[in-house]
Amino acid sequence: MEHLKDKVYIFGHKSPDTDTVASAITYAHLKQQLGMAGARAYRLGEINQETEFVLNYFGVDAPPLLKDVKRRVGDLEFYKPETVCGHEPVKTAWDIMRHGEGSRLVPITCEKGKLAGIIGMADVTEIFMDGYDIARHEILYENLINILEGKHFGGKYKYDRLEGRVYVGGIPQGSEICDKDIIICGNLEYAWKMYYEHDFGCIILTSDVEPRGFDGVKCAIVCVDCAAFTAVKLISQAISIRSVMNTESILTFSPESYVDDMLETMRNRRYRNFPIVASDGTLLGILSRRHVMLVGGKKVVLVDHNERSQSVDGLDQAEIVEIIDHHRLADIQTNAPPYSRIEPVGCTCTIIYKMYKENGVDIPKPIAGLLLSAILSDTLAFTSPTCTAQDKAAAEALATIAGVDVEEYGKEMFRAGTNLDKMSVAQMLTTDIKKFTFGKTDAYVAQINVMDFEGLMAREAEITEELTKFYEVNNCRLLVFMVTDIIRNGSELFAVGDAKKIAQEAFGMAEGSSRIFLPGVVSRKSQIIPKLTRIGEA
């Protein structure tokens, strides 16, 4: 199992596009090649059609979905405890508790490894201090003899567990003795007397008295090398664990439990160690309160974003170790300086390609294909104003490694990504949407690329309805939706919300209007966000 200290989570923003997903996968691969074995790629949302095409084309699996980076119990380095079975004596649990980390609690498991109960040091101490009560606690005969280190010299106790009373040295007058009863004595002659006069089930000879003449007897004859007083004290250690273990109100945690929630619950409990169990009840390990208190946050690498609202839930609990991006600097704050590489290029994958070259790491064909696809996607096949000479040069080199023709592959990729026949407007709206703050205005800006622009515009009424619904449900002040026409190299801009005037002023919309076509505007990053920011913060 990978533990929190070894694992590094690499992911992009919440509305994953091709650059976000490709950046996570390729950068995780690069970090692994450079010795970071725990680097893993993740995604924060569903894969869109274009990205799905790219992954399938180059035979790469989609990264697993990451819901949050809050500390979970499964991320911690809990230890494998020594377990016992319920029929074993409490002395076994006591011996475990006297050594080893987390030994103040011993879990009891059944044959299939499922947690049956727990026993703590306080439970065992109570037994030893308060004595024992056979009527209340189970004592298996075999456990008793083992605890006393006794040797059998004849006969047999008829029962698996002690069913009767235990007499020491003598018996009170009027006692009715049966074969369930046991007597402990240190005199051979007295033992003979008890044997002939009463029907004891077992006679225990103490002080290493040498038993003689007991051949053929019916009751069990046991010799122990300790005094009667010591033998009596040891009997309590033979009590079966299952008769005293805690089976009610056991506080357990699952690997999916949040560490912060666990800490809150642990504060009011007397135990300092807690069982971790799987969903089927199987014991996975024991977690120490001390270990939980000392553990830090998950190590994360942000790619293709550096804005908190676009990132994973629980980011404030994580340790941001790196940021690789090509967007504006936003509001991410860190406790320690992360390695940051933010460059004014058209695609994050262009930066990652450069890092492969700088570190002398070979680029496998599937990795080259993902890097190329991301560059084509983010630069709209080099037509976006964000595209740089570096993007073009990287794409050409990557196409050679990937074995594809840039122009033909780009057309095929865009065709797959802009097939909207089976998509609702609600799906289009949330395929690539990001949250921003312009001054004091919370806003969302969504974008979708299309090749059949006229076909989508025929659904204008549906678009307007879905925009209004999203705006109301998400309680934002502004929602902007870019429908980018790849063929005409421009975007139809829709704006709704009580802060719609920001978009109207930024892009020259007519008063009262909610839409405008902007020729040559295809980049949210460089052509939409800066203008909205300037007006919103004015």
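Look a little higher up for the structure.
Residues numbered from 1 in each chain as written. Predicted model: local features only at pLDDT ≥ 70, side-chain atom pairs only at ≥ 80, totals over all residues. Heavy atoms only, no water.

Colleague: Can you explain the overall build of the protein? Please cite residues and give values.
Modeller: Scanning the protein from terminus to terminus reveals 18 helices and 19 strands. A compact globule built from 538 residues would reach a C-alpha radius of gyration of about 24 Å, whereas the protein, at 37 Å, exceeds it by more than 25%. A burial count over the protein gives 52% of its 538 residues as buried. Summarising the internal contacts of the protein: among those between residues at least 6 apart in sequence, 61% fall at separations of at least 24. Just so you have it, the protein exposes about 25200 Å², and 47% of that area is on carbon and sulfur atoms. Mean positive and mean negative side-chain charge positions of the protein (60 and 75 charges, respectively) differ by 3 Å. (Helix = DSSP H or I, 4+ residues; strand = E, 2+ residues; numbered from the N terminus. Rg over C-alpha atoms; globule rule 2.2 N^0.38 Å. Buried < 20%, exposed > 50% of the residue type's maximum accessible area, 1.4 Å probe, protein only. Contact = heavy atoms within 4.5 Å. Areas by Shrake-Rupley, 256 points an atom, 1.4 Å probe, with all protein chains shown as cover. Lys, Arg positive; Asp, Glu negative; His and termini not counted. Charge placed at Lys NZ, Arg CZ, Asp CG, Glu CD.)

Colleague: So what's going on with the sheet that holds strand E19 (residues 515-519)? Residues and values would help.
Modeller: Spatially, E15-E16-E17-E18-E19 is the arrangement adopted by the five strands of the open sheet, whose pairing is mixed. Among the strands making up the open sheet, the edge pair consists of strand E15 (433-438) and E19. Each adjacent strand pair in this sheet contributes to an overall mean axis angle of 25 degrees, direction not counted. Contacting E15, strand E16 (441-450), strand E17 (478-485), strand E18 (490-496) and E19, helix H16 (residues 460-474) crosses the sheet at an angle of about 145 degrees to E17. (Pairing = 2+ DSSP bridges. Axes fitted to C-alpha atoms, helices over the stretch in contact; angles between N-to-C directions.)

Colleague: Describe the pairing of E18, naming the residues involved and giving the relevant values.
Modeller: The buried fraction of E18 is high, at seven of seven residues. Burial along E18 is two-sided: Gly490, Glu492, Phe494 and Val496 facing one way and Ser491, Leu493 and Ala495 facing the other are all buried. Adjacent in sequence and paired antiparallel, E17 and E18 are bridged by four residues, among which Asn489 carries a positive phi angle near 55 degrees.

Colleague: Can you break down the packing of helix H17 (residues 500-507) against helix H18 (residues 524-536) residue by residue, with the values?
Modeller: Interhelical geometry of H17 versus H18 gives an angle of 115 degrees and a closest axis separation of 9 Å. Overall, the two elements H17 and H18 adopt an arrangement that is roughly perpendicular. As for how H17 packs across H18, the hand of that crossing is right-handed. Judged by residue contacts, Ile502, Ala503, Glu505, Ala506 and Phe507 of H17 engage Gln527, Ile528, Lys531, Leu532, Ile535 and Gly536 from H18. Tallied by class, residues from the contact of H17 with H18 come to seven nonpolar, two polar and two charged. (Parallel < 35°, antiparallel > 145°, perpendicular 65-115°, else oblique. Left-handed = near helix turned anticlockwise from the far one by under 90°. Nonpolar A, V, L, I, M, F, W, Y, C, P; charged D, E, K, R; others polar.)

Colleague: Describe the environment of Tyr258, with residues and values.
Modeller: You can see Tyr258 is positioned in the loop between helix H7 (228-235) and helix H8 (259-266). With relative accessibility at 26%, the residue Tyr258 sits in the partly exposed group. The residues contacting Tyr258, other than those within four sequence positions of it, are Asp68, Lys70, Arg71 and Arg72. There is a polar contact of 3.0 Å between the side chain of Tyr258 and the side chain of Arg72. (Polar contact = N/O pair within 3.5 Å; in protein donor to acceptor, adjacent residues only side chain to side chain.)

Everything listed is a geometric property; what it means functionally is a separate question.
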